[in-house]
Amino acid sequence: MAFWDYANPTRFLRLVQVVLPWLAGLCVGLFAVGLYMSFFVAPEDYQQGDTVRIMYIHVPAAWLCMMCYSVMTISSLGTLVWKHPLADVSAKAAAPIGAAFTFMALVTGSLWGKPMWGTYWEWDARLTSVLVLFIMYLGLMTLWRTMDDPIKAGKAAAVLTLVGALNLPIIKFSVDWWNTLHQPASVFRFDGPTIHPDILWPLLVMAFAFTTLFFVLHLMAMRNEVLRRRVRSLRLRAASAAQPGPAAAAQPAE
Amino acid sequence: MRNWALVLFQRDLQLSVRIGGSALVGVLFFLAVVTVIPFGIGPDLNLLSRIGPGLLWIGALLATLLGLDRLFQADRDDGTLDLILMAGRPLEVVVLIKCLAHWVGTGLPLVVAAPFLGILLNLDPVATAAVTATLFAGTPALTLIGAIGASLTVTLRRGGLLLAILVIPLAVPTLIFGVSATDAAVRDPVPFMTPFLILCALSLIAAVVGPIASAAALRFASD
């Protein structure tokens, strides 16, 4: 089964070496097309003017921050259920990328909010739940950093990721409830029944470009993490070779 | 109830209320938080009575977070946790009993103190009753969700701050429904029972998810 073949890190690294240039090329091409379309082809909005172009960065980033958490959830299941050796590498590599996309969604959203709503921050239901998601990403990254044994840290982070995956729908639901109870309807909504194709196509291309960007970054980060763990185990072996036996450890002064 | 469960419950409760335990420190912290808030926002009684339920909920959340690191830390330090893990009892049930004892030692005093602190915040009787009822229904959820964070950070030397960061996002729904149930009782935008029943449901969900996840984390931390 192909899934298990790549449990071997060396084989995985060879696969990454083959796939990565193609994927990176595809990513650059999609970004070239997508950015051209969103800046020059897509029309201005009749109300929002040029600021509507923020959408082509903002919406894919918001999609990606959800997709990244899904990848981490599946990886955590891989860690806890199947004990796949690369699963916790994948989860650890995905967390900073997800945090970055979430941050990008928040920043572009607030830059878009200033001309549209007149304020950088609105306690809108979506913004609030994305902010909570951002805090969860940062908490997971901190948990990874506080434990020096990568295997134990991987298991702890996997438990927290799964609990978070269970809780995210509840958080989303409760924030929606809280928002409708405390505030009138949001200022912003799409006019018209559907998005016009002139806007939809650049958006879809940009979404694909962001998704390939995620996979490029994810594979690179996984490769780096595998190499980092090799360096760590080599160092541990060198350290134990330099100080053989428990007697030396008991008397470090000698 | 089986004998060992009762013994474990009594042991945890006694340890938390006697000298060396920290059960009543939480209530003092709650009092200190509620006392310091009028210095921050001014002594306007109308404003205080309007935001009072939210203040009490935030104070209870902070006081609960403060006490959570004691849930497993002391038992790990003196080796009791390893004995519990090796005893062969279902660890999920053990965690549930420990959470229950911890809640009786730290959460229940907060609920009892809430009506008295409500006087300081100029709450009317309806709002006081609603806050007390929602805290009674909601603080178990905070303790049970917090148990996940406590077991994840049990191996760390100074896990208290990280614990708070990990637990706060998960505690957002409880806070929202606790405060909105109180709002519903006072200003009546929706019937009181709707958010209150959701709050009870959140506590029941936490009673399932919390012990399972926490037991898994404790097993991984020990081996």
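Residues numbered from 1 in each chain as written. Chains lettered and ligands numbered in written order. Predicted model: local features only at pLDDT ≥ 70, side-chain atom pairs only at ≥ 80, totals over all residues.

Of regular secondary structure, chain B possesses nine helices and zero strands. Listed N to C, the secondary structure of chain B is α-α-α-α-α-α-α-α-α in terms of helices and strands. Overall, chain B is about 55 × 35 × 30 Å in size when its C-alpha atoms are taken along their principal axes. Scored against the burial criterion, the 223 residues of chain B give a buried share of 49%. Put simply, of all contacts in chain B between residues at least 6 apart along the chain, 80% involve residues at least 24 apart. (Helix = DSSP H or I, 4+ residues; strand = E, 2+ residues; numbered from the N terminus. Buried ≥ 20, exposed ≤ 12 C-beta atoms within 10 Å, placed from the backbone. Contact = placed C-beta atoms within 7 Å.)

Now for the overall build of chain A. Within chain A, the regular secondary structure consists of eight helices and zero strands. Secondary structure elements of chain A, listed N to C terminal, follow the sequence α-α-α-α-α-α-α-α. Counting over 254 residues, chain A shows a buried share of 30%. In chain A, 79% of the contacts between residues at least 6 apart in sequence involve partners at least 24 apart.

Let's shift gears to the packing of helix α3 (residues 45-68) of chain B against helix α6 (residues 91-120) of chain B. Two quantities define a packed helix pair, namely the angle between the helix axes and the distance between the axes. All names here are of chain B. The interhelical angle for the contact between α3 and α6, taken along N-to-C directions, is 150°, at an axis separation of 11 Å. As far as their axial angle goes, α6 and α3 are roughly antiparallel. The two elements α3 and α6 meet at a crossing, and its hand is right-handed. Where α3 abuts α6, its residues Gly52, Leu56, Ala60, Ala63, Thr64 and Gly67 lie against Thr106, Gly107, Leu110, Ala114, Leu117 and Gly118. When grouped by side-chain class, the residues that make up the contact of α3 with α6 number six nonpolar, six polar and no charged. (Axes fitted to C-alpha atoms, helices over the stretch in contact; angles between N-to-C directions. Parallel < 35°, antiparallel > 145°, perpendicular 65-115°, else oblique. Left-handed = near helix turned anticlockwise from the far one by under 90°. Nonpolar A, V, L, I, M, F, W, Y, C, P; charged D, E, K, R; others polar.)

With that settled, consider the UniProt feature "transmembrane region" (unreviewed entry) in chain A. Residues and elements named next belong to chain A. Look at the UniProt record and you will see "transmembrane region" (unreviewed entry) annotated at residues 12-41, 61-82, 94-113, 125-144, 156-179 and 199-222. Here residues 94-113 runs as 100% helix and 0% strand, with 28 Å between its end C-alpha atoms. Taken end to end, residues 125-144 is 100% helix and 0% strand, and its two terminal C-alpha atoms sit 29 Å from one another. (UniProt positions renumbered as here; feature names shortened; annotations may be inferred.)

Counting residues at the interface gives 20 residues for chain B, matched by 21 residues for chain A. Elements with a minimum of two residues in the side of chain B that touches chain A: α7 (125-152), α8 (160-187) and α9 (193-222) of chain B. If you tally residues by element for the side of chain B that touches chain A, the top one is α8(B), at 10 residues. Per-class residue counts for the side of chain B that touches chain A are 19 nonpolar, one polar and no charged.

Another aspect to go through is the UniProt feature "transmembrane region" (unreviewed entry) in chain B. The UniProt feature table records "transmembrane region" (unreviewed entry) at residues 21-42, 54-72, 93-120, 126-148, 160-180 and 192-218 of chain B. Helix makes up 100% of residues 126-148 of chain B and strand makes up 0%, while its end C-alpha atoms are separated by 34 Å.

Attention now moves to α3(B). Taking 1.5 Å per residue as the helical rise, α3(B) with its 24 residues ought to reach 34 Å, and the 33 Å between its terminal C-alpha atoms agrees with that figure. Most pronounced at B:Ile51, the bend in α3(B) amounts to some 55°, and the proline B:Pro53 follows within four residues. (Expected span 1.5 Å × (residues − 1). Bend = angle between axes of the 7 residues up to and from the residue.)

Another point: the nonpolar core. The biggest cluster of nonpolar side chains holds 119 residues, and the ones touching the most others in it are A:Cys65, A:Cys68, A:Val159 and B:Ala217. With 15 residues, α8(B) is the largest single contributor of residues to this core. Apart from residues no more than four positions distant in its own chain, A:Val159 is found in contact with B:Leu152, B:Ala213, B:Ala216 and B:Ala217. (Core = buried A, V, L, I, M, F, W, Y, C linked by C-beta atoms within 7 Å.)

Close inspection of predicted coordinates is inappropriate in any region flagged by low pLDDT. Residues and elements named next belong to chain A. In the predicted model, chain A carries a mean pLDDT of 82, and the fraction of residues at 70 or more is 85%. Low pLDDT, under 50, characterises residues 184-193; the predicted model gives this stretch five contacts beyond four residues in sequence or across chains. Segment residues 247-254 is flagged for pLDDT under 50; beyond a separation of four residues in sequence, or across chains, it makes two contacts in the model. (pLDDT = per-residue confidence, 0-100.)

In this section: unusual backbone geometry. Phi at A:Lys83 is positive, roughly 55°, even though this residue is not glycine. When the 11 C-beta atoms within 10 Å are taken as the criterion, A:Lys83 is described as exposed. Even without being a glycine, B:Asn122 presents a positive backbone phi close to 65°. By secondary structure assignment, the location of B:Asn122 is in the loop between α6 and α7. Overall, B:Asn122 belongs to the partly exposed group, with 15 C-beta atoms counted inside 10 Å.

Attention now moves to the environment of A:Ala61. Residues and elements named next belong to chain A. Mapped onto the secondary structure, Ala61 falls in helix α3 (residues 55-82). Remark: the alpha-carbon pair of Ala61 and Lys155, spanning 94 residues in sequence, is separated by 28 Å. Setting aside residues up to four positions removed in sequence, Ala61 forms contacts with Phe101, Met104, Ala105, Thr108 and Phe210.

A word on the confidence of the model for chain B. All names here are of chain B. On average, residues of chain B score 88 in pLDDT, and 98% of them are at 70 or above. Mean pLDDT across the secondary structure elements of chain B bottoms out at helix α4 (residues 70-77), with 85, and peaks at α7, with 92. Of the two predicted TM-score estimates for the complex, the pTM is 0.86 and the ipTM is 0.86.

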